[in-house]
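Structural features, examined
In case you want the letters, here they are:
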Amino acid sequence: MSATESDSEPDEATGETGDERSDESEETAAESAISEFPPSAKLVYKVLEYEGPLTQERIAAESRLCPRTVRYALGKLEDGGLVTSRVCLEDARQSKYRIGE
């Protein structure tokens, strides 16, 4: 690519722009990072991916995992930087977990 070409121009081979390629590389990076985690963490990650921010209780209900397993999985995901938590506004005793940004 020459210095005058921009990343937003379509690639001749694939027809994708540079922006689309970077989105795919981010998804691939997240997928490769999650592949190193135990199955319970993968399931919790997918639940959060599909459902959005949830409390531990809701994650347990959606995934049908026991609360202890959900806590373990969330701990692994937080340590890996894939999931973040914030205080739940409805109930300050709980946290809502979401995929890291």
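Refer to the preceding data block for the structure.
A brief structural summary. Remember, it's a predicted structure, so these values are computed and weren't measured experimentally. (Residues numbered from 1 in each chain as written. Predicted model: local features only at pLDDT ≥ 70, side-chain atom pairs only at ≥ 80, totals over all residues. Heavy atoms only, no water.)

1. Some details on the pattern of salt bridges
Where charged atoms from two side chains of opposite charge approach closely, those side chains can pair. Across all of its chains, the model carries four salt bridges by this definition. Taking the shortest distance from any N to any O, the salt bridge between Lys46 and Glu49 comes out at 2.9 Å. Pair noted here: Lys46 and Glu49 are both in helix α2 (residues 39-51), with a separation of three residues, about one helical turn. We classify Lys46 as partly exposed; its relative accessible area is 37%. Among the salt bridges present, the one from Arg93 reaches Asp91, with a minimum N-O distance of 3.0 Å. Relative accessible area serves as the criterion here: at 19%, Asp91 is assigned to the buried category. (Salt bridge = Lys/Arg side-chain N within 4 Å of Asp/Glu carboxyl O. Helix = DSSP H or I, 4+ residues; strand = E, 2+ residues; numbered from the N terminus. Buried < 20%, exposed > 50% of the residue type's maximum accessible area, 1.4 Å probe, protein only.)

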